[in-house]
Amino acid sequence: MKIHLKRLNDNYHFETVNERGNVIHLDNKSEPNSQGASPMELLLMGIAGCSGIDIVMILKKQQLEMTNLEMDVEGFRVDGAVPNVFTRIHLKITIDGEIPENKAKRAVDLSLEKYCSVAKMLEKTAEITTEVILNGSPVKK
């Protein structure tokens, strides 16, 4: 797996391109007119995307179709720490569709505990917590 990074201005705006030509812009979020995601935001996007792919795959294998999947991910860090790593990450996962509650919860658990490579890397420094909403109602832990 490879990416290429190129600086685009005289500050912190970068363009990254993967081997398939997909482009993502990065920038320093504390700069005015930031033109991309920060590297730490990309980590949160990575865990959301990784887990989202897993959840869809797990439920599809069970022939359960979602009508919607959304995720809100929040990362928490200690102010002033260097390096300023995430110490806690919370995922609020909203699923809609004809899916039994236990299957939705199990798909989320399997993703974060077994399959999601990003989560497995981040759990070394951060406690990862979840909240699952199925068809508008919270799923019991």
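Residues numbered from 1 in each chain as written. Predicted model: local features only at pLDDT ≥ 70, side-chain atom pairs only at ≥ 80, totals over all residues. Heavy atoms only, no water.

**Some words on helix H1 (residues 39–61)**
- For H1, with 23 residues, the first-to-last C-alpha span of 33 Å sits near the 33 Å given by 1.5 Å per residue.
- Regarding H1, the residues found buried are Leu 44, Ile 47, Ala 48, Cys 50, Ser 51, Gly 52, Asp 54, Ile 55, Ile 58 and Leu 59.
- A positive phi of about 60° marks Gln 63, the residue just after H1. (Helix = DSSP H or I, 4+ residues; strand = E, 2+ residues; numbered from the N terminus. Expected span 1.5 Å × (residues − 1). Buried < 20%, exposed > 50% of the residue type's maximum accessible area, 1.4 Å probe, protein only.)

**Some thoughts on the nonpolar core**
- Membership of the largest hydrophobic core comes to 28 residues, with the highest contact counts inside it found for Ile 55, Ile 95 and Ile 99.
- Counting only elements with at least two residues in this core, the list comes to H1, strand E4 (66–77), strand E5 (86–97), helix H2 (101–115), helix H3 (117–122) and strand E6 (127–134).
- With 7 residues, the top contributor of residues to this core is H1.
- Sequence-distant contacts of Ile 55, defined by excluding residues within four places in its chain, comprise Met 66, Met 71, Ile 93, Ile 95, Ala 107, Val 108 and Ser 111. (Core = buried A, V, L, I, M, F, W, Y, C linked by side-chain atoms within 4.5 Å. Contact = heavy atoms within 4.5 Å.)

**Digging into the layout of surface pockets**
- Considered as a void within the structure, the largest pocket measures approximately 390 Å³ in volume.
- Along the walls of the largest pocket sit 14 residues, with Met 1, Ile 3, Thr 16, Asn 18 and Ile 24 positioned nearest its centre.
- Of all the secondary-structure elements, those providing two or more residues to the lining of the largest pocket are strand E1 (3–7), strand E2 (14–18) and strand E3 (23–26).
- Class assignment for the residues of the lining of the largest pocket results in 8 nonpolar, 3 polar and 3 charged.
- The calculated volume of the second largest pocket comes to roughly 240 Å³.
- What lines the second largest pocket is simply Pro 39, Leu 42, Leu 43, Gly 46, Cys 50, Ser 117, Val 118, Met 121 and Leu 122.
- Taken together, the elements giving at least two residues each to the lining of the second largest pocket come down to H1 and H3.
- The element best represented in the lining of the second largest pocket is H1, accounting for 5 residues.
- Among the residues forming the lining of the second largest pocket, the class breakdown is 7 nonpolar, 2 polar and no charged. (1 Å grid on protein atoms, 1.4 Å probe; cavity = no way out; pocket = protein on both sides within 12 Å on 5 of 7 lines; lining within 4 Å. Points joined across faces, edges and corners; volume = space filled by probe spheres on them. Nonpolar A, V, L, I, M, F, W, Y, C, P; charged D, E, K, R; others polar.)

**Here we look at the pairing of E3**
- Bridging between E2 and E3 involves 4 bridges; their strand directions are antiparallel. Note on E3: the bridge partner recorded for Val 17 is Val 23.
- With antiparallel pairing between neighbouring strands as the criterion, E2 and E3 make up a hairpin whose turn holds 4 residues, including Gly 21 at a positive phi of roughly 90°. (Pairing = 2+ DSSP bridges.)

**Points about the sheet that holds E3**
- In spatial order, the strands read E1-E2-E3; together these 3 strands make up an open sheet with antiparallel pairing. Each having just a single partner strand, E1 and E3 make up the two edges of the open sheet. Ignoring strand direction, the axes of neighbouring strands in this sheet form an average angle of 25°.
- By the bridge criterion, 5 bridges tie E1 to E2 in an arrangement that is antiparallel. In the sheet register, Ile 3 faces E2, and the bridge partner there is Asn 18. (Axes fitted to C-alpha atoms, helices over the stretch in contact; angles between N-to-C directions.)

**A short note on the pattern of salt bridges**
- Applying the stated criterion to the full structure yields 3 salt bridges.
- Between Lys 105 and Asp 109 there is a salt bridge whose closest N-O contact spans 2.8 Å. Residue Lys 105 and its partner Asp 109 are located together in helix H2, separated by 4 residues, close to a single helical turn.
- Under the relative-accessibility criterion, Lys 105 is labelled buried at 17%. (Salt bridge = Lys/Arg side-chain N within 4 Å of Asp/Glu carboxyl O.)

By themselves, these figures tell us nothing about what the structure is for.
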